[in-house]
Amino acid sequence: MRPRPVFRPPSAEGFLIDGLLLPWGSTIADLREALAARDLLCEGHYGDVPCGRCQEACGFAAIAVGCEPADENRPVRVLTWQLAPYDPALAIADPQWWADAISAVLGAPLELQEADAEERADAGEGTVMYYARWEAGAFGIGLSVFGGQRAEATGVSAAYLYLSWLDTAAAARPYLAQLQQREQLLAVIAGESPEWKSYRLQQEQYAICAEEDAATRQLERALGSGKHCDTPAAWARRLDDRQVAFWRRRDGSAWGLSTRNDTVFHERGDSAVEVHWINRPPNRFGGQMELDVGALHLQDVHSSPALTEIAGSIGQCLGRRIECTVSEDSG
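Let me sum up the structure you'll find in this document. (Residues numbered from 1 in each chain as written. Predicted model: local features only at pLDDT ≥ 70, side-chain atom pairs only at ≥ 80, totals over all residues. Heavy atoms only, no water.)

Looking only at helices and strands, one finds seven helices and 20 strands in the protein. Dimensions along the principal axes, computed over C-alpha positions, put the protein at roughly 70 × 45 × 35 Å. Across the 331 residues of the protein, 45% fall into the buried class. Of the contacts formed within the protein by residues at least 6 apart in sequence, a portion of 57% connects residues at least 24 apart. When the accessible area of the protein is evaluated, it comes to approximately 16,500 Å², of which 48% is carbon and sulfur surface. In the protein, 30 positive and 47 negative side-chain charges are present, and the distance between their average locations comes to 7 Å. (Helix = DSSP H or I, 4+ residues; strand = E, 2+ residues; numbered from the N terminus. Buried < 20%, exposed > 50% of the residue type's maximum accessible area, 1.4 Å probe, protein only. Contact = heavy atoms within 4.5 Å. Areas by Shrake-Rupley, 256 points an atom, 1.4 Å probe, with all protein chains shown as cover. Lys, Arg positive; Asp, Glu negative; His and termini not counted. Charge placed at Lys NZ, Arg CZ, Asp CG, Glu CD.)

What follows is the structure in structure tokens.
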């Protein structure tokens, strides 16, 4: 049995990983480099997201820490620590062991979800029997306690502790200027009446950023790849929720895709364009075709003629053939 812990609240200066202070605004690449320099990198839940061995998390015993998946060159905004059992002999830990320590500093949780007796009886390591959330200024704290001990790559964990940086404006600030330049260029292109072909899909296309406020969407876009924008109003009026347009600047210097809500575009010579094209043949779910171009996700019926033609047009702009992957997975 470990001694009762004392929770250490988050610092405005940065986040600590076993004594190493990384300032808020540090990117995922910065985190990876810092962990590698200390030979702490280990296997995590997400293949491309850094995970590191550690022994402590805000005053609690831990076995590892990772971050939420995001662009490698964008800031770390959510950290997840795998907490060690306070008593390895207990199959199901008492959530209050950690929750009481947090509440002693931050007060009662703002959100609490706890399993009842029947749910506890059926609990297992794959279930979460307790979740609570607190806030401390610009930070959020979350605690998930499992219905059993989980075997992780670095040992055994009984709970997860989440630390979220909630100051979206501060996180996005270094990336706004670049996004605004792209928005200005897109406005110029829209005013030039580029070559344009719209396609009607059989499925509705959804907005990348659901926020209604344009300023909030801009912050979220800046914190993404910074490669997509709101669709210009004149174009948005020409499209409904089941349409997508492929367009190309008449001098060939830029091309892009636009739905009613979102536009992704690239300039000539930009070879770092991620395109994923998947066809899922009919099965009990009906099948589907998906085309991902950067942050934009398009979906239609399987073997969609529209998405097939769009993929061909993208390939012409990139000077390479876009290959379609056939998957039996229903998605």
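Now, onward.
On to the sheet that holds strand β13 (residues 228-230). Here we have five strands laid out as an open sheet, ordered β12-β14-β15-β16-β13, and antiparallel in their pairing. Across the chains shown, the open sheet's two edge strands, defined by having one partner strand only, are β12 (195-200) and β13. Strand-to-strand twist across the sheet, computed as the mean angle between neighbouring axes with direction ignored, equals 20°. Examined bridge by bridge, strand β15 (residues 254-258) and strand β16 (residues 262-267) share five bridges and lie antiparallel to one another. Bridge pairing in β16 places S258 opposite T263. Each of β13, β14 (243-248), β15 and β16 touches helix α4 (residues 168-191); the most contacted strand, β13, lies at about 65° to it. (Pairing = 2+ DSSP bridges. Axes fitted to C-alpha atoms, helices over the stretch in contact; angles between N-to-C directions.)

Another aspect to go through is the environment of E33. Examined against the element boundaries, E33 turns out to sit in helix α1 (residues 28-37). In the structure, E33 is positioned 151 residues away from Q184 in sequence and 34 Å away in space, judged by C-alpha atoms.

Let us now look at the environment of L143. When you line up the elements, L143 lands in strand β10 (residues 139-152). Exposure remark for L143: the relative accessible area of 0% places this residue in the buried category. In this structure the C-alpha to C-alpha distance between L143 and Y131, which are twelve residues apart in sequence, comes to 5.5 Å. Those residues within four positions of L143 in sequence are excluded, and the remaining contacts are L83, P95, W98, A99, Y130, Y131, A132, W134, A159, Y160 and Y162.

Tracing the sequence through the fold places Q288 in strand β18 (residues 288-293). Separated by 2.9 Å, the side chains of Q288 and E290 make a polar contact. Not counting chain neighbours up to four residues away, the residues in contact with Q288 comprise Q203, I278, N279, R280, Q299, D300, V301 and H302. (Polar contact = N/O pair within 3.5 Å; in protein donor to acceptor, adjacent residues only side chain to side chain.)

Taken as a whole, this structure holds 16 salt bridges when the rule is applied. Among the ionic pairs, E135 bridges to R133, the shortest N-O distance being 3.0 Å. Using a relative accessible area of 27% as the deciding quantity, one classes R133 as partly exposed. Salt-bridge contacts for D241 lead to R260; the nearest nitrogen and oxygen are separated by 2.9 Å. Of this pair, D241 sits in the loop between α6 (233-236) and β14 while R260 sits in the loop between β15 and β16, placing them 19 residues apart in sequence. (Salt bridge = Lys/Arg side-chain N within 4 Å of Asp/Glu carboxyl O.)

Below, the discussion takes up the sheet that holds strand β20 (residues 324-326). Here four strands make up an open sheet; going across it, the order is β19-β18-β17-β20 and the pairing mixed. Taken across any chain shown, the strands that pair with only one partner, and hence form the sheet edges, are β19 (296-300) and β20. Sheet twist, expressed as the mean angle between neighbouring strand axes with direction ignored, is 20°. Running over the sheet, helix α7 (residues 305-318) touches β17 (275-280), β18 and β19 and is turned about 25° from β18.

Moving on to the nonpolar core. Within the largest apolar cluster, 59 residues are counted, with the highest numbers of intra-cluster contacts made by L79, W81, L83 and W98. Here this core gets eight residues from one element, more than from any other, and that element is α4. In this structure, L79 is in contact with F15, W24, L31, V65, G66, C67, L161, Y162 and L163, ignoring residues within four places of it in sequence. Formed by 22 residues, the second largest nonpolar core is a distinct cluster that contains W255, L257, I310 and L318. (Core = buried A, V, L, I, M, F, W, Y, C linked by side-chain atoms within 4.5 Å.)

This part is about the packing of aromatic side chains. Aromatic ring pairs: the centre-centre distance and the angle between the two ring planes describe each pair. Overall, the coordinates contain twelve aromatic pairs when judged by the stated rule. The ring centre of Y160 lies 5.7 Å from the NZ or CZ of R150, which sits over that ring. Stacked on the ring of W196, the Lys or Arg R238 has its end atom at 4.0 Å from the ring centre. (Phe/Tyr/Trp six-rings, centres within 6.5 Å; stacked < 30°, edge-to-face > 60°. Lys NZ or Arg CZ within 6 Å of the ring centre and 35° of its normal.)

Read these as geometric descriptors, not functional statements.
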